[in-house]
Amino acid sequence: GQSLEQPSEVTAVEGAIVQINCTYQTSGFYGLSWYQQHDGGAPTFLSYNALDGLEETGRFSSFLSRSDSYGYLLLQELQMKDSASYFCAVRGSAQGDYKLSFGAGTTVTVRA
Amino acid sequence: DGGITQSPKYLFRKEGQNVTLSCEQNLNHDAMYWYRQDPGQGLRLIYYSQIVNDFQKGDIAEGYSVSREKKESFPLTVTSAQKNPTAFYLCASTEGAGDTEAFFGQGTRLTVV
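To keep things clear, this report deals only with the structure shown in the data block.

Looking only at helices and strands, one finds zero helices and 11 strands in chain B. Secondary structure elements in chain B, listed N-terminal to C-terminal, are β-β-β-β-β-β-β-β-β-β-β. In terms of overall dimensions, chain B has a C-alpha envelope of 35 × 25 × 25 Å along the principal axes. Scored against the burial criterion, the 113 residues of chain B give a buried share of 50%.

Rendered as structure tokens:
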């Protein structure tokens with residue numbers, strides 16, 4: 001099975017940088033994904049890391065270290081609209097176990 | 001436009017009644033998933049299906065049932081055996097069983113009174 005751990009909440013001011021860490025345990029591994037969910041809405045896909053290293057998509061970057069079973073999402077130049085919950089997710093790759101499992105989520109609050 | 005449609009958005013049921021939540025996708029995706037989300041919590045996997053006529057239990061399948069008779073449809077039934085059914089239910093799909101980019105519906109908020 002899979003398990004993921006991430007901090008429950010982070011607060012920062014506009015313009016700041018926030019890093020959300022995610023550690024995982026999984027039997028087999030396709031990669032680490034990140035999703036954003038605004039209050040009451042549906043999660044939307046942000047990024048995916050299959051290999052070690054940094055992936056940059058505009059103000060958001062995601063990092064993966066497979067040897068450490070660790071990744072993070074970096075939010076730069078924070079804006080009020082970035083206030084949301086962020087989830088890391090992994091997919092199992094063992095035969096018969098292709099679950100797409102999510103962490104409990106990190107609530108990011110951006111203050112003026 | 002391609003996407004996932006969940007209906008209804010809000011659903012109220014009396015305790016002891018079974019209720020079926022609809023999930024339809026026109027993305028031609030093979031894999032579909034049902035998640036439950038409780039206030040302030042993450043997404044917990046109920047059931048998932050990699051292909052038509054096949055599905056597997058997730059982490060919290062007790063009290064739920066699904067079917068996958070058509071590629072585009074994956075309905076979830078919340079049975080009376082589910083002890084605490086009030087929650088936000090999200091349906092998702094991925095192109096294949098090994099894909100990690102999931103597309104979500106807007107969710108159904110079920111309240112059992």
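Here we come to the interface of chain B and chain A. On the chain A side, the residues contacting the 25 residues of chain B number 20 residues. Roughly 1700 Å² is buried in total at the junction of chain B and chain A, and carbon and sulfur atoms are behind 55% of that figure. Scanning the region where chain B abuts chain A turns up one salt bridge. Here Asp59 of chain B and Lys99 of chain A are joined by a salt bridge, their closest N and O atoms 2.9 Å apart. Our enumeration of links across chain B and chain A arrives at eight residue pairs in polar contact (both at pLDDT 80 or more).

All names here are of chain A. Across the two faces of strand β11 (residues 106–111) the burial differs, with Thr106, Val108 and Val110 buried and Thr107, Thr109 and Arg111 not buried at all. Bridging between strand β2 (residues 9–13) and β11 involves five bridges; their strand directions are parallel. If you follow Ala12 over to β11, its bridge partner there is Val110. Relative to β11, strand β9 (residues 84–91) is paired through three bridges, and the arrangement is antiparallel.

So, about the pattern of salt bridges. A side chain with one charge may pair with a side chain of the opposite charge, provided their charged atoms come close. Residue and element names in this part refer to chain B. Inspection of every chain in the model, using the stated rule, returns five salt bridges over all chains. Among the ionic pairs, Arg36 bridges to Asp38, the shortest N-O distance being 2.9 Å. Summarising the burial analysis for this pair, Arg36 and Asp38 share the class buried. Sharing partners across several salt bridges, the network here consists of Arg36, Asp38 and Arg44.

Turning next to a nonpolar patch on the surface. Residues and elements named next belong to chain B. Taken together, the side chains of Tyr10, Phe12 and Val113 present a nonpolar region at the surface, about 380 Å² in accessible area. Within the fold, Phe12 resides in strand β2 (residues 10–13). For Phe12, a relative accessible area of 55% gives the class exposed.

Below, the discussion takes up the nonpolar core. Ranked by size, the top nonpolar core spans 21 residues in total, and within it Leu4, Ile20, Tyr24, Leu32, Trp34, Leu75 and Tyr86 of chain A carry the most contacts. For this core, the elements supplying multiple residues, two or more each, are β2, β3 (18–26), β4 (32–37), β7 (60–65), β8 (70–75), β9 and β11 of chain A. Apart from residues lying up to four places away in sequence, Leu75 of chain A is in contact with Ala16, Ile17, Val18, Ile20, Arg59, Phe60 and Tyr86 of chain A. Core analysis: the second largest hydrophobic core is formed by 20 residues, Leu11, Ile60, Ala61 and Val66 of chain B among them.

Below, the discussion takes up the packing of aromatic side chains. Residues and elements named next belong to chain B. Taken as a whole and judged by the stated rule, the model has 14 aromatic pairs over all chains. Between Tyr33 and Tyr48 the ring centres are 6.3 Å apart and the planes differ by 10 degrees, which places this aromatic pair in the stacked class. With a gap of 15 residues between them, Tyr33 in strand β4 (residues 31–37) and Tyr48 in strand β5 (residues 43–49) connect regions that are remote in the sequence. For the pair Tyr33 and Tyr48, one class covers both residues: buried. One residue, Arg68, lies across the ring of Phe74, its end atom 6.0 Å from the ring centre. The residue whose ring lies beneath Arg109 is Phe88, and the NZ or CZ to ring-centre distance is 4.5 Å.

This brings us to the layout of surface pockets. In this structure, the largest pocket occupies an estimated 460 Å³ of space. Around the largest pocket sit 28 residues that line it, and Asp39 of chain A together with Gln37, Asp38, Pro39 and Gly40 of chain B are the ones nearest its centre. The element that contributes the greatest number of residues to the lining of the largest pocket is β11 of chain A, accounting for four residues. Partitioning the lining of the largest pocket into residue classes produces eight nonpolar, 17 polar and three charged.

A separate point is the side chain of Gln6 of chain B. Residues and elements named next belong to chain B. Mapped onto the elements, Gln6 comes out in strand β1 (residues 4–7). At 3.1 Å, the side chain of Gln6 forms a polar contact with the backbone oxygen of Tyr89. A polar side-chain atom of Gln6 sits 3.1 Å from the main-chain amide nitrogen of Gly107. If we skip the residues at most four places from it in the chain, Gln6 touches Ser22, Trp34, Tyr89, Leu90, Cys91, Gly105, Gln106, Gly107 and Thr108.

Each value, and the rule that gives it
Residues numbered from 1 in each chain as written. Chains lettered and ligands numbered in written order. Predicted model: local features only at pLDDT ≥ 70, side-chain atom pairs only at ≥ 80, totals over all residues. Heavy atoms only, no water. Helix = DSSP H or I, 4+ residues; strand = E, 2+ residues; numbered from the N terminus. Buried < 20%, exposed > 50% of the residue type's maximum accessible area, 1.4 Å probe, protein only. Contact = heavy atoms within 4.5 Å. Buried area = accessible area lost by both parts, 1.4 Å probe. Salt bridge = Lys/Arg side-chain N within 4 Å of Asp/Glu carboxyl O. Polar contact = N/O pair within 3.5 Å; in protein donor to acceptor, adjacent residues only side chain to side chain. Pairing = 2+ DSSP bridges. Patch = residues over 30% accessible without salt bridge, like charges linked within 9 Å, V, L, I, M, F, W, Y side chains within 5 Å. Areas by Shrake-Rupley, 256 points an atom, 1.4 Å probe, with all protein chains shown as cover. Core = buried A, V, L, I, M, F, W, Y, C linked by side-chain atoms within 4.5 Å. Phe/Tyr/Trp six-rings, centres within 6.5 Å; stacked < 30°, edge-to-face > 60°. Lys NZ or Arg CZ within 6 Å of the ring centre and 35° of its normal. 1 Å grid on protein atoms, 1.4 Å probe; cavity = no way out; pocket = protein on both sides within 12 Å on 5 of 7 lines; lining within 4 Å. Points joined across faces, edges and corners; volume = space filled by probe spheres on them. Nonpolar A, V, L, I, M, F, W, Y, C, P; charged D, E, K, R; others polar.

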